[in-house]
2 protein chains.
Amino acid sequence: MNTIINNIAIEKAKTSKINEVDFDNLKFGHVFSDHMLECNYKGGKWQTPVVKPYQPIVLDPAAKIFHYGQSVFEGMKAYKDVDEKVWLFRPLENFKRLNISSKRLAIPELPESYFMDGLKTLLEVDKDWIPKKAGSSLYIRPFIFASGNGFHASPADEYKFIICTAPSGAYFAGEVRVLIEEKYSRSANGGVGFAKAGGNYAGQFYPTQLAIEKGYQQVIWTDDNTHEYIEEAGAMNIFVRINDTLVTGPTSDRILDGITRKSIIELAKSENIPVEVRKITVSEVVEAAKNGSLKEMFGAGTAAVISPISGFGYKNEDYELPKFDDTYASYLKKRITDIQTNKAADPFGWRYEVK
Amino acid sequence: MNTIINNIAIEKAKTSKINEVDFDNLKFGHVFSDHMLECNYKGGKWQTPVVKPYQPIVLDPAAKIFHYGQSVFEGMKAYKDVDEKVWLFRPLENFKRLNISSKRLAIPELPESYFMDGLKTLLEVDKDWIPKKAGSSLYIRPFIFASGNGFHASPADEYKFIICTAPSGAYFAGEVRVLIEEKYSRSANGGVGFAKAGGNYAGQFYPTQLAIEKGYQQVIWTDDNTHEYIEEAGAMNIFVRINDTLVTGPTSDRILDGITRKSIIELAKSENIPVEVRKITVSEVVEAAKNGSLKEMFGAGTAAVISPISGFGYKNEDYELPKFDDTYASYLKKRITDIQTNKAADPFGWRYEVK
Ligand SMILES: Cc1ncc(COP(=O)(O)O)c(C=O)c1O
Ligand SMILES: Cc1ncc(COP(=O)(O)O)c(C=O)c1O
């Protein structure tokens, strides 16, 4: 059955896989919904997107994605409330960031309507896949990659923009121990660190594996020049609480401008939690851990929302963070997820109903 | 017809595309030979490679190559001499570097025999595709990418190692004008710049486009911290000739350890050309351009072998290089290509016959 919603042609899957899915025991990003959005760039412009059954992508071996890593992506979530209403969180921010990333990767920018209408249409078609259970959500993965061919290190002439969705449980189970990185780094001044470019993530895998072998779960990235400034926590922005002040580093061309990060800053300010956006040095964090003023550290990102850090390693020493209830992390996480899932008022206008 | 060579099963293409190719007017990397090598990593190990008809790759939309840029590649050339003998240039260096790149990108390392036997078998099957015309060659592109699935930023559990080949003409036509980069950079200390990782190349496209808009063809990359050290020329290593001395920067974790670069160093030394491997500052190059001691600049890499630079831009000033015959660039290029194509003796043992 082919229909059209928001000008987007829909080819429905013949059969649904939904009954095979155990919605009570979802992992993160391992099961994919019945449909996907596809939009192709060729002949110098983005073609009208279509919704079609989730299916393999067929590419020439010379497609530039395989050779030159020309790809960008986004990560979002859709939530279903008790009344079956479907909500997104600040989706226009993801759209804007996708185009910021694309520009840096020499990928043609996407029209807003293709992104927003495409997303809404896809969610409409696959609305049964949006979990209702608390902590669960439909993880949404928009991505663009170079599908044009050639063994010449230059931008492709064809691209694919795809959105896939995956009903998902929580990203991290529990608190994480992190290693402050002294040798490796994820981004350069004047590089692509601020973009959500595929290659940034592959570069993190090996240093993260080394940290895992040493008993940590994540790496705290520091600047590549001095390794003295704390920049990100794995694939999340980082917050540090010193006494009662929440501190996070300023964004830069090395750091992703996270939507969770900026929402936390706004939310904390509105709740009279003192917030400072300024460079954080490793030495001050170590010092604060030693003198007891370091109360909390946490990562912030769409997947985990807020991921509390229980301790960190640095120069072969381990530092523990205090354990207590009423942390900023748990309070802010509840506040944000309540707004996201329509359990609390949204004075910021962040929630976006899909209808 | 299925046969086996070097333990590698061969599925022959039913028809050949070779008669469609104009071997007198080859571009670089736009036409692909009849066959490809494929080797899959799954269940914790690399499976036996096979040679099969050049064909599309079919991947799930959740394959990690699309999302996390986990890929590495190599670039090599095969030459055919007047007696129809087939030659590679230092292929074991490419094999070793592929594994060095893989390690940094958390990709499982490949056994040497899969690479070397796979390559030899593929070249045996497609030997008619190796051009004989001077300046032409069969460009060889080994690459590995994450084919395993999941929206979780962690290494994939499945990979594909593929070799494709493309009969090719010269990479650059003529001399290039370059822009010394003051803002963007291609790699970080502790990053992946020394690896031939896909993501490194996509990151270069946008700054290169900006340079092209200003009338240059390539960017000279400088260090990301001070932009005061000259590091690479586009996707090539860089050499500068000051008076009669050839200077190239030392390799580091930001710079690819080029096989052409190290061959040039050895060759120049053996010919009593003074060579220095030391950091090169932008200021000394500008100074040398001003006082006339800057004689030559050139890029060095497999594709172009040596690519002479005719002038450079820096801080809105343009600097011209002198024009004269008997340059190091033309002399060294001839020496190397003569060795590569079996037109001259090979005292270094670089040439490798495929038989
Ligand atoms: C490197 C990096 N930092 C930070 C974030 C957090 O960004 P957001 O809150 O928009 O998800 C992400 C994405 O999740 C990321 O990939
Ligand atoms: C970034 C970069 N630098 C230098 C080189 C030169 O290396 P090689 O001489 O081994 O081809 C290459 C590859 O061609 C490269 O991609």
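About the thresholds
- Residues numbered from 1 in each chain as written.
- Chains lettered and ligands numbered in written order.
- Predicted model: local features only at pLDDT ≥ 70, side-chain atom pairs only at ≥ 80, totals over all residues.
- Heavy atoms only, no water.
- UniProt positions renumbered as here; feature names shortened; annotations may be inferred.
- Helix = DSSP H or I, 4+ residues; strand = E, 2+ residues; numbered from the N terminus.
- Rg over C-alpha atoms; globule rule 2.2 N^0.38 Å.
- Buried < 20%, exposed > 50% of the residue type's maximum accessible area, 1.4 Å probe, protein only.
- Contact = heavy atoms within 4.5 Å.
- Areas by Shrake-Rupley, 256 points an atom, 1.4 Å probe, with all protein chains shown as cover.
- Lys, Arg positive; Asp, Glu negative; His and termini not counted.
- Charge placed at Lys NZ, Arg CZ, Asp CG, Glu CD.
- Near = heavy atom within 4 Å.
- Nonpolar A, V, L, I, M, F, W, Y, C, P; charged D, E, K, R; others polar.
- Polar contact = N/O pair within 3.5 Å; in protein donor to acceptor, adjacent residues only side chain to side chain.
- Expected span 1.5 Å × (residues − 1).
- Bend = angle between axes of the 7 residues up to and from the residue.
- Domains from an automatic or database assignment.
- Buried area = accessible area lost by both parts, 1.4 Å probe.
- Salt bridge = Lys/Arg side-chain N within 4 Å of Asp/Glu carboxyl O.
- Least-squares fit on C-alpha atoms with pLDDT ≥ 70 in both.
- Axes fitted to C-alpha atoms, helices over the stretch in contact; angles between N-to-C directions.
- Parallel < 35°, antiparallel > 145°, perpendicular 65-115°, else oblique.
- Left-handed = near helix turned anticlockwise from the far one by under 90°.
- Pairing = 2+ DSSP bridges.

- Under an unreviewed UniProt entry, chain A has the name Branched-chain-amino-acid aminotransferase and belongs to Algibacter luteus.
- The UniProt entry for chain A carries the following comment under Function (unreviewed entry): "Acts on leucine, isoleucine and valine."
- The record in UniProt for chain A states the following under Cofactor (unreviewed entry): "pyridoxal 5'-phosphate".

## With respect to the overall build of chain A
Stage number 1. The number of helices and strands found in chain A is seven helices and 21 strands.
Stage number 2. The C-alpha atoms of chain A give 21 Å as radius of gyration, which agrees with the globular expectation for 355 residues (20 Å, within 12%).
Stage number 3. Dimensions along the principal axes, computed over C-alpha positions, put chain A at roughly 65 × 55 × 35 Å.
Stage number 4. Taking all 355 residues of chain A together, 60% fall into the buried category.
Stage number 5. A fraction of 71% describes how many contacts in chain A between residues 6 or more apart in sequence connect residues 24 or more apart.
Stage number 6. Surface exposure of chain A reaches about 13800 Å², of which carbon and sulfur atoms provide 48%.
Stage number 7. On chain A, the mean spot of the 44 positive side-chain charges and the mean spot of the 46 negative ones are 3 Å from each other.

## A closer look at the site of ligand 1
Residues and elements named next belong to chain A.
Stage number 1. Around ligand 1, a shell composed of 15 residues is seen, among which Tyr201, Glu232, Ile259, Thr260 and Thr302 lie nearest.
Stage number 2. About the coverage of ligand 1: the protein hides 96% of its 380 Å² of free accessible area.
Stage number 3. Breaking the shell around ligand 1 down by element, the ones donating at least two residues are strand E15 (236-242), helix H5 (259-270) and strand E18 (294-301).
Stage number 4. Within the shell around ligand 1, the residues separate by chemical class into six nonpolar, five polar and four charged.

## Points about the site of ligand 2
Residues and elements named next belong to chain B.
Stage number 1. Every one of the 15 residues lining ligand 2 counts as a neighbour, but Arg97, Tyr201, Glu232, Thr260 and Thr302 are closest to it.
Stage number 2. At 2.4 Å from a nitrogen atom of ligand 2 is found a side-chain nitrogen or oxygen belonging to glutamate 232.
Stage number 3. Residue isoleucine 259 places a main-chain N or O atom 2.8 Å away from an oxygen atom belonging to ligand 2.
Stage number 4. Burial of ligand 2 by the protein amounts to 95% of the accessible area it has alone, namely 380 Å².
Stage number 5. Looking at the shell around ligand 2, the elements that each hand over two or more residues are strand E15 (236-242), helix H5 (259-270) and strand E18 (294-301).
Stage number 6. Across the shell around ligand 2, the residue classes break down as six nonpolar, five polar and four charged.

## Description of helix H4 (residues 198-213) of chain B
Stage number 1. Taking 1.5 Å per residue as the helical rise, H4(B) with its 16 residues ought to reach 22 Å, and the 24 Å between its terminal C-alpha atoms agrees with that figure.
Stage number 2. B:Phe205 marks the point of greatest bend in H4(B), at about 30°, and the proline B:Pro207 comes within the next four residues.
Stage number 3. Along H4(B), the residues that are buried comprise B:Gly198, B:Asn200, B:Tyr201, B:Ala202, B:Gly203, B:Gln204, B:Phe205, B:Tyr206, B:Pro207, B:Thr208 and B:Ala211.
Stage number 4. Contacts from the buried residues of H4(B) go to helix H1 (64-68) and helix H2 (91-104) of chain A together with strand E7 (71-73), strand E12 (176-180) and strand E13 (218-222) of chain B.
Stage number 5. Of the residues one or two after H4(B), B:Gly215 is the one with positive phi, at around 100°.

## What to know about the domain arrangement of chain A
Interfaces are often sized by the amount of accessible area the parts lose when they come together.
All names here are of chain A.
Stage number 1. Domain boundaries in chain A define domain 1 (2-168) and domain 2 (176-340).
Stage number 2. Taken over C-alpha atoms, the centre of domain 1 sits 28 Å from the centre of domain 2.
Stage number 3. If you look at the interface, domain 1 gives 19 residues, while domain 2 gives 21 residues.
Stage number 4. Between domain 1 and domain 2, roughly 1800 Å² of surface is buried when both sides are summed, and carbon and sulfur atoms account for 60% of that area.
Stage number 5. The interface formed by domain 1 and domain 2 includes two salt bridges.
Stage number 6. With its nearest N and O atoms 2.9 Å apart, the salt bridge here joins glutamate 93 to lysine 262.
Stage number 7. Joining domain 1 to domain 2, the criterion identifies 11 residue pairs in polar contact (both at pLDDT 80 or more).
Stage number 8. Considering each element in turn, the side of domain 1 that touches domain 2 owes the most residues, six residues, to H2.
Stage number 9. Grouping the constituent residues of the side of domain 1 that touches domain 2 by class yields nine nonpolar, four polar and six charged.

## As for the relation of the copies chain A and chain B
Stage number 1. Aligned on chain B, chain A shows an RMSD of 0.0 Å; the corresponding rotation is 180° and the shift along the axis is 0.0 Å. Within this description, the copies of the chain are treated as partners about a two-fold rotation axis.
Stage number 2. When the interface residues of chain A are mapped onto chain B, 100% of them are again interface residues, pointing to one common binding face.

## A few points about the packing of helix H2 (residues 91-104) of chain B against helix H3 (residues 112-125) of chain B
Residue and element names in this part refer to chain B.
Stage number 1. Orientation of H2 relative to H3, taken along the N-to-C sense of each, is 135°, at an axis distance of 10 Å. Relative to H3, the element H2 lies oblique. Crossing geometry of H2 relative to H3 is assigned as right-handed. Contacts from Pro91, Leu92, Asn94, Phe95 and Leu98 in H2 reach Glu112, Phe115 and Met116 in H3.
Stage number 2. Broken down by class, the residue content of the contact of H2 with H3 amounts to six nonpolar, one polar and one charged.

## Quick look at the environment of A:Ala134
Residues and elements named next belong to chain A.
Stage number 1. Along the polypeptide, alanine 134 turns up in the loop between helix H3 (112-125) and strand E10 (137-146).
Stage number 2. The exposure class assigned to alanine 134 is exposed, which follows from its relative accessible area of 65%.
Stage number 3. With 55 residues separating them in the primary sequence, alanine 134 and tyrosine 79 have C-alpha atoms 9.3 Å apart.

## A look at unusual backbone geometry
Stage number 1. Positive phi, close to 55°, is recorded for A:Asp326, a residue that is not glycine.
Stage number 2. Of note, A:Asp326 is situated in the loop between strand E20 (317-320) and helix H7 (328-340).
Stage number 3. Phi angles above zero are rare outside glycine, and B:Asn243 is one such case at about 50°.
Stage number 4. With respect to the helices, strands and loops of the structure, B:Asn243 is situated in the loop between E15 and strand E16 (245-248).

## A few points about the interface of chain A and chain B
Stage number 1. Contact with chain A, which involves 58 residues of that partner, is made by 58 residues of chain B.
Stage number 2. Interface area, chain A with chain B, both sides summed: about 5100 Å², of which 63% is carbon and sulfur.
Stage number 3. Together, A:Phe66, A:Phe151 and A:Phe205 form the three largest contributors to the area buried by chain A at its contact with chain B, with a combined 15%.
Stage number 4. One can count zero salt bridges joining chain A with chain B.
Stage number 5. Inspection of the region where chain A meets chain B yields 21 residue pairs in polar contact (both at pLDDT 80 or more).
Stage number 6. Secondary-structure elements contributing two or more residues to the side of chain A that touches chain B are strand E6 (57-59), H1, strand E7 (71-73), H2, E10, strand E11 (159-168) and helix H4 (198-213) of chain A.

## Some remarks on H7(A)
Stage number 1. Look at H7(A): 18 Å from first C-alpha to last across 13 residues, which is about the 18 Å you get at 1.5 Å a residue.
Stage number 2. For H7(A), the set of buried residues is A:Tyr328, A:Ala329, A:Leu332, A:Arg335, A:Ile336, A:Asp338, A:Ile339 and A:Gln340.

## Focus on the pairing of E10(A)
Residue and element names in this part refer to chain A.
Stage number 1. Burial within E10 is extensive, with 10 of its 10 residues counted as buried.
Stage number 2. Taken together, the three bridges between E7 and E10 define a ladder with antiparallel strand orientation. Residue pairing in the sheet places phenylalanine 73 in a bridge with phenylalanine 143 of E10.
Stage number 3. When strand E8 (residues 76-80) meets E10, the two strands line up antiparallel, connected through three bridges. Considered in E10, the bridge of methionine 76 is made with isoleucine 140.

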